[in-house]
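An overview of the molecular structure
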Amino acid sequence: MSYVGRLAPSPTGALHLGNVRTFMVAWLRARSLGGKVVFRMEDLDHPKDKPGAAAEAVRDLRWLGFDWDEEYVQSERKDLYRAALEKLVEKGLAYPCICSRRDVESAQSAPHAGEQLHYPGTCRGRFASWREANAARANPCWRFKVPDDAVVSFDDAFAGRYEQDVSKTLGDFPLARDEFGAGYTLACVVDDLDMGITEVVRGDDLLPATPAQILIARSLGRDAPSYCHLPLVVGPDGRRLAKRHGDTRVASFREAGWSAERILGLLAASCGWAEKGEELSLAALLPRFDLAAIPKAPFVYG
Ligand code: GLU
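An account of the accompanying structure is given in this report. (Residues numbered from 1 in each chain as written. Predicted model: local features only at pLDDT ≥ 70, side-chain atom pairs only at ≥ 80, totals over all residues. Heavy atoms only, no water.)

**A look at the overall build of the protein chain**
Quick reminder of the rule: In this text, helices come from DSSP runs of H or I with a minimum length of four residues, and strands from runs of E with a minimum of two, each type numbered from the N-terminal end. C-alpha atoms define the radius of gyration in this analysis, and the globule rule sets the expected value at 2.2 Å times the number of residues to the power 0.38. Classification of residues uses two cut-offs on accessible area relative to the type maximum, computed with a 1.4 Å probe and protein chains only: under 20% is buried, over 50% is exposed, and between them is partly exposed. For this analysis, residues touch if any pair of their heavy atoms sits within 4.5 Å. Accessibility throughout is a Shrake-Rupley quantity obtained with a 1.4 Å probe, and a residue counts as covered only by protein chains that appear here.
A count of helices and strands for the protein chain gives 11 helices and 12 strands. For the protein chain, the C-alpha radius of gyration of 20 Å lies close to 19 Å, the compact-globule estimate for 302 residues. Dimensions along the principal axes, computed over C-alpha positions, put the protein chain at roughly 60 × 40 × 40 Å. Taking all 302 residues of the protein chain together, the buried fraction comes to 50%. For the protein chain, the proportion of contacts with a sequence separation of at least 24, taken over those separated by at least 6, is 75%. In the form shown here, the protein chain has an accessible surface area of approximately 14500 Å², with 50% of it arising from carbon and sulfur atoms.

Next up, the structure:
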């Protein structure tokens, strides 16, 4: 099967060094295997989405030299998510839930720092429809009914073997915060399947969410793609790169006179493919691409 990869930015802010490093690896991985690249704008997160950020991300990526073969916008694909949700509801695998985050937190006896929130299934079998749930408390979410034994394991191309019993870690996890299923988790899975993505390359902050996505794919009667989760870029304090670490937006480097090749060279050096200070285009990086050379630890910037 020929390789199909993807770049899937969310327009929640400007493109920064962290996003670019992941996209650089995703693009090089696909192109070095003679594969296709799909661009997908994940714009369903309305409260967090910023006006203009989608167009700016495209402009920044083009300026950096990225190209792709197909382009999609999630907000234009809601019919697909609705159809998938209906399928899950018909199979008895999705139900509406009115619990707030606080409800779920207080139901959890002693959550450990950094642990994912486990949902105890309070709303399982409680409402006959989304409307009924919505009448009880506005804006319910849809949850996936996880079987009692839901051990999912897979071989991640970068992170290695990964295993999780979703019934113990997440419990019935949220599929979408939208009446018709247009929310991140469901949309991401539906799109990866519909677009024929063979491998998902993304940041390892999403590694713990992957078994849940694999369960959704299987429930839709399909095999999930393969996965390749990469370490993130962090600041000197070890925390994920963010505004507190200063301005690492691509646009700011460009305005400060940096070339695309200088930015890519810096990130390539962090992957073990270049010397510090080398300036390289994506095309020049193609023959140097080596997944195995990327350090396992996060890249500390700054
Ligand atoms: N859109 C997500 C993000 O920008 C990535 C989702 C994914 O790669 O599955 O964080």
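**Let's talk about the site of the ligand**
The line we're drawing: Being near a molecule or strand, for a residue, means having at least one of its heavy atoms within 4 Å of it. As used in this structure description, the phrase polar contact means that two N or O atoms lie within 3.5 Å; if the pair is within protein, one of them must be able to donate a hydrogen and the other to accept it, and residues adjacent in sequence are counted only when both atoms belong to side chains. Three classes are used: nonpolar for Ala, Val, Leu, Ile, Met, Phe, Trp, Tyr, Cys and Pro, charged for Asp, Glu, Lys and Arg, and polar for all others, with Gly counted as polar.
In the vicinity of the ligand, the residues found are R6, A8, P9, S10, E42, Y184, C188, R202 and L206. Within the contact set of the ligand, a nitrogen atom lies 2.7 Å away from a side-chain nitrogen or oxygen of S10. Coverage of the ligand by the protein amounts to 77% of the 300 Å² it exposes when considered alone. Looking at side-chain class alone, the shell around the ligand contains five nonpolar, one polar and three charged residues.

**Describing helix α10 (residues 260–270)**
Of the positions making up α10, those classed as buried are A260, I263, L264, G265, L267, A268 and S270. Considering only its buried residues, α10 is in contact with α1 (17–32), α2 (53–64), α9 (250–255), α11 (282–285) and β12 (299–300). Of the residues one or two after α10, G272 is the one with positive phi, at around 85°.

**Looking at the packing of helix α3 (residues 78–90) against helix α7 (residues 184–194)**
Condition: To get an axis, a line is fitted to the C-alpha atoms, and for a helix only the part in contact is used. The angle between two axes follows their N-to-C directions and goes from 0 to 180 degrees. Geometric relationships in this document are graded by angle, where less than 35 degrees denotes roughly parallel, more than 145 denotes roughly antiparallel, 65 to 115 denotes roughly perpendicular, and other angles denote oblique.
Where α3 meets α7, the closest approach of the two axes is 10 Å, and the angle between their N-to-C directions is 105°. One element, α3, and the other, α7, form an angle in the roughly perpendicular class. Together, L80, Y81, A84, L85 and L88 of α3 and L186, A187, V190, D191 and D194 of α7 make up the contact between the two elements.

**Details of α3**
As a reminder, the rule being used: To estimate the expected span of a helix, count its residues, drop one, and scale the result by 1.5 Å. Directions are taken from the helix axis to each C-beta atom, and the arc is the one they span.
For α3, which comprises 13 residues, the first-to-last C-alpha distance of 18 Å matches the rise-based estimate of 18 Å (1.5 Å per residue) to within 8%. Regarding α3, the residues found buried are Y81, A84, L85 and L88. With its buried residues spanning 100° around the axis, α3 presents them on a single face. Residues D79 and E90 are exposed on α3 and point more than 90 degrees away from its buried face. For α3, the secondary structure elements touched by its buried residues are β4 (94–97), β5 (141–144), β8 (174–176), α7 and α8 (210–219).

**What to know about the nonpolar core**
The criterion, for reference: Residue types Ala, Val, Leu, Ile, Met, Phe, Trp, Tyr and Cys, when buried and joined through side-chain atoms within 4.5 Å, form a set referred to as a nonpolar core.
With 46 residues, the main nonpolar core has M24, V25, L64, F66 and W273 as its most contacted residues. When contributions to this core are tallied by element, the ones reaching two or more residues are α1, β2 (36–41), α2, β10 (226–230), α9, α10 and α11. A per-element tally of this core places α1 first, with nine residues. For V25, the contacting residues outside a window of four places in its chain are V201, L230, C271, W273, F289, L291 and I294. In terms of nonpolar packing, the next biggest core, distinct from the first, is built from 38 residues, V146, Y162, A176 and L193 among them.

**Topic: the sheet that holds β5**
Defined as follows: Each pair of strands is called paired provided DSSP finds at least two bridges between the two strands.
Here three strands make up an open sheet; going across it, the order is β4-β5-β8 and the pairing antiparallel. Of all strands in the sheet, those bounded by a partner on one side alone are β4 and β8. For this sheet the average axis-to-axis angle between neighbouring strands, irrespective of direction, equals 45°. Pairing of β5 with β8, which is carried by two bridges, proceeds in the antiparallel orientation. Paired with R143 across the two strands is P174, which belongs to β8.

**Observations concerning the pattern of salt bridges**
So the rule is basically this: Between Lys or Arg on one side and Asp or Glu on the other, a salt bridge is scored when a side-chain nitrogen of the former is within 4 Å of a carboxyl oxygen of the latter.
Overall, the coordinates contain 22 salt bridges when judged by the stated rule. In this structure, the salt-bridge partner of D192 is R6, at a minimum N-O distance of 2.8 Å. Remark: R6 occurs in strand β1 (residues 4–7) and D192 occurs in helix α7; sequence separation between them is 186 residues. Taken individually, D192 and R6 each receive the classification buried, so the pair is uniform in this respect. A salt bridge links D205 to R240, with the nearest nitrogen and oxygen atoms 2.8 Å apart. In this pair, D205 sits in the loop between β9 (199–203) and α8 while R240 sits in the loop between β11 (233–234) and α9, placing the two residues 35 residues apart along the sequence.

**Brief notes about unusual backbone geometry**
The backbone phi angle of N139 is positive, close to 60°, even though this residue is not glycine. Tracing the sequence through the fold places N139 in the loop between α5 (130–136) and β5.

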